[in-house]
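Working through the structure, step by step
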Amino acid sequence: MPEPEPPERAEGPGGYDPVGPRRHEAISPTGQGGPMDLALEEAESVEGIEKTAGPTGPGPREKARSLWSDAWHQLRRNPVFVISSLMILFLVIISIWPQLIASGDPLQCDLSKSQQGSSPGHPFGYDTQGCDVYTRTVYGARASITVGICATLGAALLGSLLGGLAGFFGGWGDALLSRVADIFFGIPVVLGGLVFLSVVTSTTVWPVVGFIVLLGWPQIARIGRGSVITAKQNDYVQAARALGAGNGRMLLRHVAPNAVAPVIVVATIALGTYISLEATLSFLGVGLRPPTVSWGIDISNAASQIRNAPHMLLWPAGALSITVLAFIMLGDAVRDALDPKLR
């Protein structure tokens, strides 16, 4: 008995079958406009969209960004970050090379010009000793920026190291660190500076940096400890522990990269605070001392002459305020970028 021949296929122009052999054999249009024809049209339209768009939907598939790349992507579009970064970059440049915008000597003074106002070549006038206020304001950025950056780096490294180890291992070390930090939190910063720095005779910035690090690390240690405790409870850390990873590998590869963001935010904001603290201690006479050029020293010298020569106080105080504001703005922008709850 001969085998039945397969049904003929409806071919398009040029002999091309638009439906395809399997689909045509499974579902054939009835020409009645019923549910069978609607289902066939929907299936063909869906297949066309999948061929055009690809397996992941319309458009090219975007690569998932990490926390840091996503934060940088947001920071570049934040005008607060851009403005504060440009201000800080300018301050860092003039602190390294003040000769770029100030050609005079900050220690060269002429008593015959004491407290004189603005004049050609000396836009900020002169102070009590006849020194150029503009030149001293420019050179004063070096001491303040140096103290702020070095103190922040020292406090961040010491605090994050101690706090991270205490939070990861716990036990008696964690309890001891917490009690020691509580003791340092109970010391008034200004009073501690008066006691500690009054016995120091050095005129460099390093005693001030050491004092700020001594009283600044407990805050960062507490932030780092809490962040490490939160990070080590995540599933990926538990999975690494189950696979046999050691404590060092888990701490450096899994916990620390995911716990460092809060420390960066706190340290960035604290940098402006440390610059302000240095100026306060210098104003009280226990911070930086002459011949070091500092905004705090100039503000202290100008405080008693604010009625006779207000320009002596205006310019160094304004430079200090702008610098502190720039670092606080930078810290706020970094916090907004690294904290997903604020997006």
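As the structure is a prediction and not an experimental result, all values here were calculated from the model. (Residues numbered from 1 in each chain as written. Predicted model: local features only at pLDDT ≥ 70, side-chain atom pairs only at ≥ 80, totals over all residues. Heavy atoms only, no water.)

Comments concerning the state of the cysteines
For the structure on display, the rule yields one disulfide. At a sulfur-sulfur separation of 1.6 Å, the disulfide partner of Cys-109 is Cys-131. Residues Cys-109 and Cys-131 are joined through a disulfide that is right-handed, its torsion about the S-S bond being 65°. Of this pair, Cys-109 sits in the loop between helix H4 (79–96) and helix H5 (133–169) while Cys-131 sits in the loop between H4 and H5; the two residues are 22 residues apart in sequence, bridging distant segments of the chain. We classify Cys-109 as partly exposed; its relative accessible area is 37%. The buried category is assigned to Cys-131, whose relative accessible area is 3%. (Disulfide = S-S within 2.5 Å. Helix = DSSP H or I, 4+ residues; strand = E, 2+ residues; numbered from the N terminus. Buried < 20%, exposed > 50% of the residue type's maximum accessible area, 1.4 Å probe, protein only.)

Notes on the pattern of salt bridges
As enumerated under the stated definition, the model contains six salt bridges in all. A salt bridge links Arg-222 to Asp-182; the shortest N-O distance between them is 2.6 Å. Of this pair, Arg-222 sits in helix H8 (residues 206–231) while Asp-182 sits in helix H6 (residues 171–185); the two residues are 40 residues apart in sequence, bridging distant segments of the chain. In this structure Asp-182 comes out as partly exposed when scored by relative accessible area, which is 34%. Linking Arg-335 and Asp-336 is a salt bridge whose minimum nitrogen-to-oxygen distance equals 3.5 Å. According to the relative accessible area criterion, Arg-335 is partly exposed, its value standing at 34%. Linked by salt bridges that have partners in common, Arg-179, Asp-182 and Arg-222 make up one network. (Salt bridge = Lys/Arg side-chain N within 4 Å of Asp/Glu carboxyl O.)

A word on empty space enclosed by the protein
By the definition in use, this model includes one cavity of 30 Å³ or more. A volume near 40 Å³ is recorded for the largest cavity. Its residues assigned to classes, the lining of the largest cavity comprises five nonpolar, three polar and one charged. (1 Å grid on protein atoms, 1.4 Å probe; cavity = no way out; pocket = protein on both sides within 12 Å on 5 of 7 lines; lining within 4 Å. Points joined across faces, edges and corners; volume = space filled by probe spheres on them. Nonpolar A, V, L, I, M, F, W, Y, C, P; charged D, E, K, R; others polar.)

Details of unusual backbone geometry
Here Pro-290 and Pro-291 are connected by a cis peptide whose omega angle stands at 10°. By the element assignment, Pro-291 lies in the loop between helix H11 (261–283) and helix H12 (295–303).

Observations concerning a nonpolar patch on the surface
Together, Val-82, Leu-86, Leu-89, Phe-90, Ile-93, Ile-96, Trp-97, Leu-100 and Ile-101 line one region of the surface with nonpolar side chains, adding up to about 860 Å² of accessible area. Checked against the element boundaries, Phe-90 lands in helix H4. Looking at Phe-90, the relative accessible area reads 45%, which means it is partly exposed. (Patch = residues over 30% accessible without salt bridge, like charges linked within 9 Å, V, L, I, M, F, W, Y side chains within 5 Å. Areas by Shrake-Rupley, 256 points an atom, 1.4 Å probe, with all protein chains shown as cover.)

Quick word on the nonpolar core
Taken as a class, soluble globular proteins show a tendency for nonpolar side chains to be buried jointly. If you look at the biggest cluster of nonpolar residues, it comprises 29 residues, and the most contacted ones within it are Ile-275, Leu-320, Phe-327 and Leu-338. For this core, the elements supplying multiple residues, two or more each, are helix H3 (67–75), H4, H5, H11, H12 and helix H13 (311–338). Among the elements that take part in this core, H13 stands out by supplying 12 residues, more than any other. Residues within four places of Phe-327 in sequence aside, it is in contact with Ile-88, Ile-145, Thr-268, Leu-271, Gly-272 and Ile-275. Counting residues in each nonpolar core, the second largest holds 24 residues, with Val-208, Val-213, Ala-267 and Ile-297 among its members. (Core = buried A, V, L, I, M, F, W, Y, C linked by side-chain atoms within 4.5 Å. Contact = heavy atoms within 4.5 Å.)

A closer look at the layout of surface pockets
Of the pockets and cavities examined, the largest pocket occupies roughly 550 Å³. Lining the largest pocket are 24 residues; nearest its centre among them are Ala-156, Ser-160, Val-260, Val-263 and Ile-264. Mapped by element, the contributors of at least two residues to the lining of the largest pocket are H5, H8, helix H10 (247–259), H11 and H13. Examining the composition of the lining of the largest pocket, we find that nine residues originate from one element, H5, more than from any other.

Thoughts on the side chain of His-311
Within the secondary structure, His-311 sits in helix H13. Of note is the side chain of His-311, whose polar atom sits 3.2 Å from the backbone oxygen of Gln-116. Excluding anything up to four places from it in sequence, His-311 contacts Gln-115, Gln-116, Gly-117, Phe-124, Gly-125, Tyr-126, Val-133 and Pro-316. (Polar contact = N/O pair within 3.5 Å; in protein donor to acceptor, adjacent residues only side chain to side chain.)

What about the packing of aromatic side chains?
One pass over the structure, following the stated rule, counts six aromatic pairs. The interplanar angle of 85° and the centroid separation of 5.0 Å between the aromatic rings of Phe-168 and Phe-169 together place this pair among those described as edge-to-face. Measuring from ring centre to ring centre gives 5.6 Å for Phe-184 and Trp-217, while their planes differ by 65°; the resulting arrangement is edge-to-face. One end of the pair, Phe-184, is in helix H6; the other, Trp-217, is in helix H8, and 33 residues separate them in sequence. (Phe/Tyr/Trp six-rings, centres within 6.5 Å; stacked < 30°, edge-to-face > 60°.)

Quick notes on H11
Over its 23 residues, H11 extends 34 Å from the first C-alpha to the last, a length consistent with the 33 Å expected when each residue adds 1.5 Å. Its maximal kink placed at Leu-271, H11 deviates by approximately 25°. With its phi angle positive at about 90°, Gly-285 sits one or two positions after the end of H11. (Expected span 1.5 Å × (residues − 1). Bend = angle between axes of the 7 residues up to and from the residue.)

Observations concerning helix H7 (residues 189–197)
All buried positions along H7 are accounted for by Gly-192, Gly-193 and Leu-197. All buried residues of H7 lie within an arc of 105° about the axis, which places them on one face of the element. Pointing more than 90 degrees away from the buried face of H7 are the exposed residues Leu-191 and Val-195. On its buried face, H7 is in contact with H8 and H11. (Arc of directions from axis to C-beta.)

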